[in-house]
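Residue-level listing of the chains:
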Amino acid sequence: MLTEETTQDETINATTEPAPEIAATISVAGAQPEIIPDSENDQLKIGLGEFEGPLDLLLYLIRQDQVNIYDIPIGRITDEYVRYLQMMKELDIAIAGDFLVMAAQLIELKSRMLLPRDPSAEEEELIDPRTELVDRLLEHQKFKAAAQMLWSRATVEQAVFTRAELETDKNNPEVAVALFDLLRVFQEILARHKEEVQMEIAREEVSMAEMIERLRNMVRSAGEVNLLHFFEQAQSRRELVVAFLSVLELVRLSEISLCQRETFGKIMARAVS
Amino acid sequence: MSEAGRAKRKTGENLAEPEDLIAAEVDNGSEIEGHHELSAAELHGAVEALIFVAEEPISAKSIAEVLKVEVAAVDDVIGDLAREFDKRSAGLQLREIAGGWQIATRAEFHEHVRAYLKSKPSAKLSLASLETLAVIAYKQPVTVPEILDIRGVQSPSAIKTLLEKRLIVARGRKETVGRPMMYGTSKEFLIQFGLKDLTELPSIEDFQDLAGGGS
């Protein structure tokens, strides 16, 4: 993309004015920022690299002719502007609507300048018809200079480094669960289980494969499962052991990950995405 | 248990100690009606430590809250620290940015830091984005049509980029036809452009001479 822009600029310079050094520095208040090829696609950027819009082009023409911005020879500048648009057309560059609007405004301005002034006109009509355009150009130029200032600030700022992020529970909850934490939860359940279950009725034996499947489904449907809840479903000591082993197994297979947001907090099983 | 294991455990014990100490200190503090006096040297060190460890620039107020001291006292200490850093003039600087304080490397060592971090200066913003950002920074809160007026060209993608990079934020809607969204700069903007606050931006009128003079 950059090479394309360069070639186009060269073509244009060759055909219009032998003032390449001005062309090279027009972008922002007399300095040449790097033009960064990025994902942004302001239509004009592809077309004419340097000229972001009609005001840019106009400023360029004014500088090239080295005319006073407060006393723009509207006729000449308008002609050059229109010639530029034609050249863009010949080069098969899509011309954005903004450029055409400006062309129309310039031509209107030109015609108003050509008309003799009405001697009996009211005071307000004696104001130079170019004033509005000049104000816009100056305003635009100010912000181009401000953009240049921001650019150099950002460049300096990029050379300054702060220390790297610290690893804390906040930014990495997954590190916090150790095997002992898991065992502790398991102990809790086991202890509670002892108290609760007083009578055992004939029970179904759940196989390891079934238990893994159960956990898998829970994690899949809820997205996140509190291990405490999972273990509580177990009907017997044996089932609990199987449940515990199935957690280990799924972690080993990297199907789920365990995380704990705070020390001694809930341990959550999550599907590994 | 292996040598390494034992060493690790020992470190663990060592780690626990300062925590206990701090806990004890806090307890003492609360006993004397929550008024625990840090010695001048302690305050000095604590402030520096907090600035070092803070992820974002930390304000004197936040530091004062953590250390339970007056903001003015923290301001004094920061002033001293800043002078120390300046006097030392080594690899680090203490600087005020986005309403807080930050310890950062000095810009002149960027080559070496980059070599170590294996990072290249990243292409930051396109010209279109920078110009749009400049308009927003100086005219905020500002609407899209107002930006168009100054830039003379539409800038939807630039605004999108700036929002994605969190350099600008929506600031509600303007009570006018169509109720357009207004935009302003964010704290991230101050950080990325190394500004204490918005008043540190050079006045837009200062660019007048620059703009008019050339032609």
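Residues numbered from 1 in each chain as written. Chains lettered and ligands numbered in written order. Predicted model: local features only at pLDDT ≥ 70, side-chain atom pairs only at ≥ 80, totals over all residues.

A.B. asks: Please give an account of the confidence of the model for chain A that cites residues and values.
C.D. replies: Here chain A averages 72 in pLDDT, while 67% of its residues score no lower than 70. Below pLDDT 50 for its whole length, residues 1-49 of chain A participates in 78 contacts with residues either more than four positions away or in separate chains. (pLDDT = per-residue confidence, 0-100. Contact = placed C-beta atoms within 7 Å.)

A.B. asks: Quick one: what's the story with the environment of Asp135(A), residue by residue and with numbers?
C.D. replies: Mapped onto the secondary structure, Asp135(A) falls in helix 7 (residues 131-158). The spatial distance from the C-alpha of Asp135(A) to the C-alpha of Tyr70(A) is 9.0 Å, given a sequence separation of 65 residues. (Helix = DSSP H or I, 4+ residues; strand = E, 2+ residues; numbered from the N terminus.)

A.B. asks: Could you give an account of the nonpolar core, with specific residues and numbers?
C.D. replies: Formed by 33 residues in total, the largest nonpolar core has its most connected members in Ala146(A), Ala147(A), Leu150(A), Leu130(B), Leu133(B), Ala134(B) and Ile136(B). Residue contributions to this core peak at eight residues, all from helix 6 (residues 127-139) of chain B. Apart from the residues lying within four places of it in its own chain, the contact partners of Ala146(A) are Ala134(B), Tyr138(B), Ile204(B) and Phe207(B). Listed in part, the 19 residues of the second largest apolar core include Ala234(A), Val242(A), Phe244(A) and Val247(A). (Core = buried A, V, L, I, M, F, W, Y, C linked by C-beta atoms within 7 Å. Buried ≥ 20, exposed ≤ 12 C-beta atoms within 10 Å, placed from the backbone.)

A.B. asks: Give me the sheet that holds strand 3 (residues 267-271) of chain A: which residues, what numbers.
C.D. replies: All names here are of chain A. If you trace the three strands from one edge of the open sheet to the other, you get 1-3-2, paired in antiparallel fashion. Each having just a single partner strand, strand 1 (224-226) and strand 2 (256-260) make up the two edges of the open sheet. Each adjacent strand pair in this sheet contributes to an overall mean axis angle of 30°, direction not counted. With five bridges connecting them, strand 2 and strand 3 associate as antiparallel partners. Bridging from a neighbouring strand, Ser 257 pairs with Arg 270 of strand 3. (Pairing = 2+ DSSP bridges. Axes fitted to C-alpha atoms, helices over the stretch in contact; angles between N-to-C directions.)

A.B. asks: If you had to explain the pairing of strand 3 of chain A to someone new, which residues and values would you point to?
C.D. replies: Two strands pair when backbone bridges link them, and strand 1 of chain A and strand 3 of chain A are joined in this way by three bridges, in the antiparallel orientation. Looking at the pairing, Val225(A) lines up with Ala269(A) of strand 3 of chain A.

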